[in-house]
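Here are the chains, one letter per residue:
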Amino acid sequence: MIRVFKHYVPNAVLLLGVLDILLLLAAAESGWKLRAWQIGIDTGPVWPRLPQLISFAGPLMIAMVAVGAYQSDVLVSIRQAAMRLMVAVSLGVLFLSVLFFTLPSVSLWRSNLFYAMLFATPGLVLVRLLFGGALGSERFKRRIVVLGSGGRAARLERLERMAGSTFVIVGYVAMGEPETLVPQAIPRAAIHNLADHVVKLKAAEVVLAIEERRNSLPLKDLLRIKTTGVQVNDFSAFIERETGRIDLQTVNPSALIFSDGFSSGLILTTIFKRAFDIIASLLLLVLALPLILVTAVAIKLESKGPAFYRQQRVGLYNEPFYIPKLRSMRQDAEIAGTAIWAAEHDPRVTRVGRIIRKVRIDELPQCWSVLKGEMSFVGPRPERPQFVADLEIELPYYAERHMVKPGITGWAQINYPYGASVDDARQKLEYDLYYAKNYSPFLDLLILLQTLRVVLWPAGAR
C-alpha cells in the first residue's frame, strides 16, 4: 500500500488508476484525431491540446471514484465493474456537456467528445479484463510473516482470504501461545534464526500478532528483523491500515496517544474545512431548495404533522444542538418520548419517508447546521443524547468521537450500512476513530465523492 496524506491506497488500485488516466487521455486524443481527419485539418502537436484532454479525463476519473469503480469488491467482478463504469461514463457525459457550453475553450468539441466516449468506454472495460486477474494476484500483494498462532493470527488468516485483500501470508510462527488456532504455524523453537527465516520467505513485513505482550515481546528477534530492512508492524496498526478502521478489541490508549494522527484541530486544516463548509452549504441550500420544498409538500399530503422537525443531537465536545430534518416517520413515532433505534422495514417510516431516507433527501436541511458551524459536511454522524449516554458506557473510546465536529456524511457512512444497535455502533465507531486519527482534506474529498455511491447503491438505509 502507498500512503497518500495519511490514508493508504492499495498498489493495485493506484496502478489501475494510472492505467485509466492514460487510457482516457489516449481516447480523447484519438477522438480529436479522428474528427480532424474527417474534416481534413492538421492536428499538429499534442501539447496545445492538453487542457482539453485533461478536461475530458479528469471528470471521468472523479466520476469513477465517486461511483466506487475502484472498490475491492468491484475490482474482482467484471459485471460489477462494467456496471459502475457505465454509470460513471453517463455522469461524466452530463458534466462534460455542461462544461462544453460554459467553457468551450477548454473542452472537446461535441463530435470529439462523442468519439472519445466511444473509445474510452470499451477501453476501460478491456483494461479490467486484461489486467483484473493480474492486479488481484500475489504479484501486487504484500508478503507478510505473522508472529503468533492464536486468535489474532486466525483473524489475519480470515482477512487474507477476503476479496480484495492486499497481502498474502507466507508464514506463521508460533510464539508459545497456550492455544494454537493456526495449525500450519512453525514453532519459534524450531527456527534457528528468525530474521534469516523471514528473509528467505521474501517477506516485506512482519506482523506481531501475539495475544499477551506483557513480558513476552521478542524484542531481540524484532530488532534483528528490522535491521534486515523488513518492516515490523503491530497487529492493531496493521488492521487499521488494511481495513480503514481502528480495531477496538486490540488498540490501547498509548498507541493512540503516541501516533502521528489526530491533526484535525490544526489551524490551517480547520480554516480550510470551515471555508469549504460555508461555500458548499450555501451552494447546496440554494440548489436543493426546490427539491426540499417539493418533498415537504409530499410529506404533508401523505401524513399529518409538520414536514420539518428539529431533533437534539450531541455535537463537538459533547455540546448538544438541534438538527433540522425532513420528517420521514409518522408524527407519533416516539410518542412516549423515548429514543428508539430505527429497525429494518420500520413500520413507523412513511412511504415518502422510505424514499427520501434511501436517497438521503431527509438530510438536506442539515446544510443549515453546517452553515451555522454546528456541523461539518464530513465527520462522525451526531447521535441522540439518550443513545450517547448508553454507548459511552458500553463502548471504549466512544467519547473521543466527539472531539471532531459531526458531519452529514462520514467515513463510517460510506463503509458501513445504517447502524441500529450497540454492535453496529461499535463497528461505526471503529471507522469514526480512523477518520478522527487520519483526517486530511484528501480524505474529506474521498468521502464526499463516495457519498454518491452510497446514494446510488444504498445499503441498509432505514
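Now for a look at the structure at hand. Fair warning: this is a prediction, and the values are worked out from it, not measured in the lab.

The rules behind these values
Residues numbered from 1 in each chain as written. Predicted model: local features only at pLDDT ≥ 70, side-chain atom pairs only at ≥ 80, totals over all residues. Heavy atoms only, no water. Phe/Tyr/Trp six-rings, centres within 6.5 Å; stacked < 30°, edge-to-face > 60°. Helix = DSSP H or I, 4+ residues; strand = E, 2+ residues; numbered from the N terminus. Buried < 20%, exposed > 50% of the residue type's maximum accessible area, 1.4 Å probe, protein only. Lys NZ or Arg CZ within 6 Å of the ring centre and 35° of its normal. Salt bridge = Lys/Arg side-chain N within 4 Å of Asp/Glu carboxyl O. Pairing = 2+ DSSP bridges. Right-handed = clockwise from strand over helix to strand, strands pointing away. Contact = heavy atoms within 4.5 Å. Axes fitted to C-alpha atoms, helices over the stretch in contact; angles between N-to-C directions.

The full count for this structure, using the stated rule, is 5 aromatic pairs. Consider the rings of Phe276 and Phe377, whose centres lie 6.2 Å apart with planes at 70 degrees: the pair is edge-to-face. Of this pair, Phe276 sits in helix α11 (residues 267-302) while Phe377 sits in strand β10 (residues 376-378), and the two are 101 residues apart along the sequence. For Phe276, a relative accessible area of 36% gives the class partly exposed. When its relative accessible area of 8% is taken as the criterion, Phe377 is described as buried. Ring geometry for Trp411 against Tyr434: centres 5.7 Å apart, planes inclined by 25 degrees, an arrangement best described as stacked. Of this pair, Trp411 sits in helix α15 (residues 411-415) while Tyr434 sits in helix α16 (residues 422-437), placing them 23 residues apart in sequence. Since its relative accessible area comes to 8%, Trp411 is described here as buried. Across from the ring centre of Tyr322, 4.5 Å away, lies the NZ or CZ of Arg310, which sits over that ring.

In total, this model carries 17 salt bridges according to the counting rule given. Between Arg188 and Asp221 there is a salt bridge, and its shortest N-O distance comes to 2.9 Å. One end of the pair, Arg188, is in the loop between β5 (186-187) and α7 (194-200); the other, Asp221, is in helix α8 (residues 219-227), with 33 residues separating them in the sequence. Assessed through its relative accessible area of 21%, Arg188 is described here as partly exposed. Residue Asp362 pairs with Lys325 through a salt bridge whose shortest N-O separation is 3.9 Å. With Asp362 in the loop between α12 (351-358) and α13 (367-372) and Lys325 in strand β9 (residues 320-326), this residue pair connects regions lying 37 residues apart in the sequence. There is no split in this pair, since Asp362 and Lys325 are both buried.

Turning to the pairing of strand β4 (residues 167-174), a few remarks are in order. Burial of β4 is extensive: 7 of the 8 residues sit out of reach of the surface. Summarising the sheet, strand β3 (residues 142-147) and β4 pair through 6 bridges and their orientation is parallel. In the strand pairing of β4, Leu147 is matched with Val173. Running through helix α6 (residues 151-161), the crossover from β3 to the neighbouring parallel element β4 is right-handed. Relative to β5, β4 is paired through 2 bridges, and the arrangement is parallel. Counted as the bridge partner of Ala174 is Pro187 from β5.

Attention shifts here to unusual backbone geometry. The phi angle at Tyr317 is positive, at roughly 60 degrees, despite the residue not being glycine. Structurally, Tyr317 is set in the loop between β8 (308-314) and β9. Not every positive phi belongs to a glycine, and Arg360 is a case in point at roughly 65 degrees. By the secondary structure assignment, Arg360 is in the loop between α12 and α13. The partly exposed category is assigned to Arg360, whose relative accessible area is 25%.

Moving on: the sheet that holds β4. Judged by pairing direction, the sheet is parallel, and its 5 strands sit side by side in the order β5-β4-β3-β6-β7 without closing on themselves. One side of each edge strand has no neighbouring strand; the edge strands of this open sheet are β5 and β7 (231-234). Sitting on the sheet, α6 is in contact with β3, β4 and β6 (205-208), with an inclination near 160 degrees to β4. In the packing of α8 onto the sheet, contacts are made with β3, β6 and β7, and the angle to β7 comes to roughly 135 degrees.

Read these as layout, nothing more, since geometry by itself doesn't imply function.
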